[in-house]
Structures are given as C-alpha cells and as structure tokens.
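One-letter residues, chain by chain:
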Amino acid sequence: MKLDLSCGRIGVKADQRQAIDYAHKYGFEAVVPDAGYLGKLTDSQLDELNSELKSKKLVFSAAGMPVDFRNDESKFQQGLQALPAYASSLQRAGVTRTGTWLMPTHAELTYNANFKRHAKRLKAVTQILADHGLRFGLEYVGPKTLWSSKKYPFIHSLPETQELIAAIDVKGAGLILDSWHWYTAHETQDDILALTNDQIVAVDLNDAPKGLEIDEQIDQKRELPMATGVIDLATFLNSLNEIRYDGPVRAEPFNAALRAMPGDQAVATTAKAMKKAFALIS
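Only a predicted model underlies this, so the values are computations on that prediction, with no experimental measurement involved. (Residues numbered from 1 in each chain as written. Predicted model: local features only at pLDDT ≥ 70, side-chain atom pairs only at ≥ 80, totals over all residues. Heavy atoms only, no water.)

Participant: Go over the packing of aromatic side chains with me, naming the residues and quoting the values.
Facilitator: Tallied over the full model, the rule gives three aromatic pairs. Seen in terms of ring centroids, Trp-182 and Phe-236 are 5.2 Å apart; in terms of plane orientation they differ by 55°. Their pairing is tilted. Here Trp-182, found in helix H8 (residues 179–184), pairs with Phe-236, found in helix H10 (residues 233–242); they are 54 residues apart in sequence, far enough to count as distant. Here Trp-182 falls in the buried class, since its relative accessible area comes to 5%. Its relative accessible area of 0% is what places Phe-236 among the buried residues. Here the basic side chain of Arg-70 rests over the ring of Trp-101, its NZ or CZ set 3.9 Å away from the ring centre. (Phe/Tyr/Trp six-rings, centres within 6.5 Å; stacked < 30°, edge-to-face > 60°. Helix = DSSP H or I, 4+ residues; strand = E, 2+ residues; numbered from the N terminus. Buried < 20%, exposed > 50% of the residue type's maximum accessible area, 1.4 Å probe, protein only. Lys NZ or Arg CZ within 6 Å of the ring centre and 35° of its normal.)

Participant: Please give an account of the nonpolar core that cites residues and values.
Facilitator: In this structure, Val-125, Leu-164, Leu-177, Phe-236 and Leu-240 are the most contacted members of the largest nonpolar core, which totals 83 residues. With seven residues, the single largest contributor to this core is helix H12 (residues 263–278). Those residues in contact with Leu-164 that sit more than four places away from it in its chain are Leu-102, Phe-115, His-118, Ala-119, Leu-122, Leu-138 and Ile-155. (Core = buried A, V, L, I, M, F, W, Y, C linked by side-chain atoms within 4.5 Å. Contact = heavy atoms within 4.5 Å.)

Participant: Help me get a handle on the pairing of strand S11 (residues 248–251), residues and values and all.
Facilitator: Of the two faces of S11, the one holding Pro-248 and Arg-250 and the one holding Val-249 and Ala-251 are both buried throughout. Two strands pair when backbone bridges link them, and strand S1 (residues 2–5) and S11 are joined in this way by three bridges, in the parallel orientation. Note on S11: the bridge partner recorded for Asp-4 is Arg-250. Note: strand S10 (residues 200–205) against S11, three bridges, orientation parallel. Residue pairing across strands places Val-203 opposite Val-249, the latter belonging to S11. Of the crossover connections in this fold, the one passing from S10 over H10 to the parallel S11 is right-handed. (Pairing = 2+ DSSP bridges. Right-handed = clockwise from strand over helix to strand, strands pointing away.)

Participant: Tell me what's going on with the side chain of Thr-270, and back it up with residues and numbers.
Facilitator: Mapped onto the fold, Thr-270 is located in helix H12. Setting aside its immediate chain neighbours within four residues, Thr-270 contacts Ile-10, Phe-28, Leu-224, Ala-251 and Leu-258.

Participant: So what's going on with the sheet that holds strand S5 (residues 97–101)? Which residues, and what values?
Facilitator: Pairing is parallel across the open sheet formed by nine strands, whose spatial order is S3-S2-S1-S11-S10-S9-S7-S5-S4. Each end of this open sheet is capped by a strand with a single partner; those strands are strand S3 (59–60) and strand S4 (62–64). Pairing of S5 with strand S7 (residues 135–139), which is carried by five bridges, proceeds in the parallel orientation. Among the inter-strand pairings, Thr-98 is bridged to a residue of S7, identified as Phe-136.

Participant: Now, about unusual backbone geometry: what can you tell me, with residues and values included?
Facilitator: A positive phi angle, close to 60°, is found at His-186, a residue other than glycine. Counting through the fold element by element, His-186 comes out in the loop between H8 and helix H9 (189–193). Of the residues examined, His-186 reaches a relative accessible area of 47% and is grouped as partly exposed.

Participant: Go over the environment of Ser-282, please, and point to the residues and values.
Facilitator: Along the chain, the position of Ser-282 falls in the segment after H12. With near-sequence residues (within four places) excluded, Ser-282 lies in contact with Asn-238 and Asn-241.

Participant: Outline the packing of helix H4 (residues 73–92) against helix H5 (residues 111–131), supporting the account with residue identities and numerical values.
Facilitator: Orientation of H4 relative to H5, taken along the N-to-C sense of each, is 20°, at an axis distance of 9 Å. Taken together, the axes of H4 and H5 lie roughly parallel to each other. The two elements H4 and H5 cross, and the hand of that crossing is right-handed. Only Arg-121, Ala-124, Val-125, Ile-128, Leu-129 and Asp-131 of H5 make contact with H4, whose side of the interface consists of Glu-73, Phe-76, Leu-80, Leu-83, Pro-84, Ala-87 and Gln-91. (Axes fitted to C-alpha atoms, helices over the stretch in contact; angles between N-to-C directions. Parallel < 35°, antiparallel > 145°, perpendicular 65-115°, else oblique. Left-handed = near helix turned anticlockwise from the far one by under 90°.)

Participant: Describe the pattern of salt bridges, and please don't skip the residues or the numbers.
Facilitator: Under the defined criterion, the tally for this structure stands at 12 salt bridges. Its salt-bridge partner being Arg-222, residue Asp-178 comes within 3.4 Å of it at the nearest N-O pair. Residue Asp-178 is located in strand S9 (residues 173–178), and its partner Arg-222 is located in the loop between S10 and H10; the two are separated by 44 residues in the primary sequence. Judged on exposure class, the residue Asp-178 and its partner Arg-222 are both buried. One salt bridge connects Arg-250 with Asp-204, and the closest N-O pair in it is separated by 2.4 Å. Note that Arg-250 is positioned in strand S11 and Asp-204 in strand S10, a separation of 46 residues in sequence. Just as Arg-250 is buried, Asp-204 falls in that class too. Here the residues in one salt-bridge network are Arg-9, Asp-178, Asp-219, Arg-222 and Glu-252, joined through shared partners. (Salt bridge = Lys/Arg side-chain N within 4 Å of Asp/Glu carboxyl O.)

Without other data, these values stay purely geometric and don't point to any function.
Quick look at the structure:
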C-alpha cells in the first residue's frame, strides 16, 4: 500500500507542483495526478517531472473521472466526447488509475431504472478509459442518512457495487474501497478478504465521530484516521494487507477543522494521522 496525498480531499488548494512538494515534504509515497496540468506539458517537461517524482520516491496515484454521468443525456454525451483527450493526458504521464463515486439515492428513478442507466453510461466510460490503459474504480456511499434521503435508494454497499461492475463487463472496472462506507454499510473483515488486489483501484481512509449509531452517521462529517477509534482501521488495513493490496491509500475526512487549517498544517496533520494508521499493519 502507498501513502497517498490527495490535497482536494483534505481541503487544501494546491496545483500539481505544490501537491508534489507537499507530498515529498511530509513523507507521502504517491500524489494525485492533475490531467489538465499534465496534458499541457511537452515531452521534455514530462520527462523532467517523472525524473523528479522518481528522485522524490513518489508515484502518481488515482485521478478523478470528469464525465457527468448522473444527470441528463446531453451533458453525459458532452463529457464522454471529451474523455479520450483527458484519458490520453493521464496515459502519457504513466497514470493507470481513475475513479468516481456513486450517488446512493435518486428522487425519480427506481433502483432498476437507475441501475440500467449507470451500467450503460459507465460501460462507455470504462471502455474509453480501458483503451488508454486506465483502471476505473467505483466507490459506493454507505450512510443510511444519505441513501434514505430521497424516494428511491440506490447502490450503497459492496455487493451492489460488484453487481454494477459485473453489468459494466469491461476489464479494468473495479472498486474504490472507503473505510467510512465499509463501516456505514455494516460490512466486515470477510467482505474485504473475499476481494483480490486486482479488484481494488484505490482506498480511502477515515474515522467517524463518536456518540452516533452507525445509521446516524452523516457523510460530510467525518474524522481523520485514528482520531476517534470508532472505525476499526486495524481490521480494515490488515485485511487489505492480507489480500496484498498494493495501491494508493488516501485520507478523505471532509472535516471542517482540517479544512480551516493553513495548507502546510493540514497536510502535516493528515500525514501524521495516516502514518499512525499504517503503523497498525502487522
């Protein structure tokens, strides 16, 4: 597993160069790639950047996926047309992982209708990404407070996400596994041990606030890893280690106190929390 810095996920505003500097300064092993920045580099500039990453013992982790697949068809098609250029920029820089999240509810579409739309649209997305050597991770969102917030609940668990991946049926489609969603979906060690390294594209690490039942947890109110001990990160991380997961692991706490910190302090605080969590791996 690689300690991954995602500045956006901890509320730090940083361009690609700043993110690389932060990652190196605070002992991370991977950093999120910025396709827009990478796509503008000449071949020689990209070679220099890759040499710098190597000297700093860093690699690129997983990029986001920019296509809006959750709304109207015209917006989806517009995003799909732009995706090959985006994917090409990542491929050229040696990036091999991308991902997105799944909204676990819908006001109008039933589960079946929503599933069919997701399968069709994400199959097209996955195929373009796969054509550029990119794996595509899907992250389910587990809290009951969110999936029950509109008329029709949608995918909010690991088994349901695997059903969607099977329906997409394109090599390279996989999972983004998040300790927060694993916890709020009432999942266990056995759920992780049933997976293989090849099925997981990226991992997010979080803790949860104290004083709430699992089904009372609210998605945008999380904690840094090891902050409370509510989520059993020892079991989570050691299960990943047992299946030999070797990809990026990043913090995604959506934490107001962390977001209020200056950039350097927020990255340093995140690095300390992540390293404390990694120390649980036996």
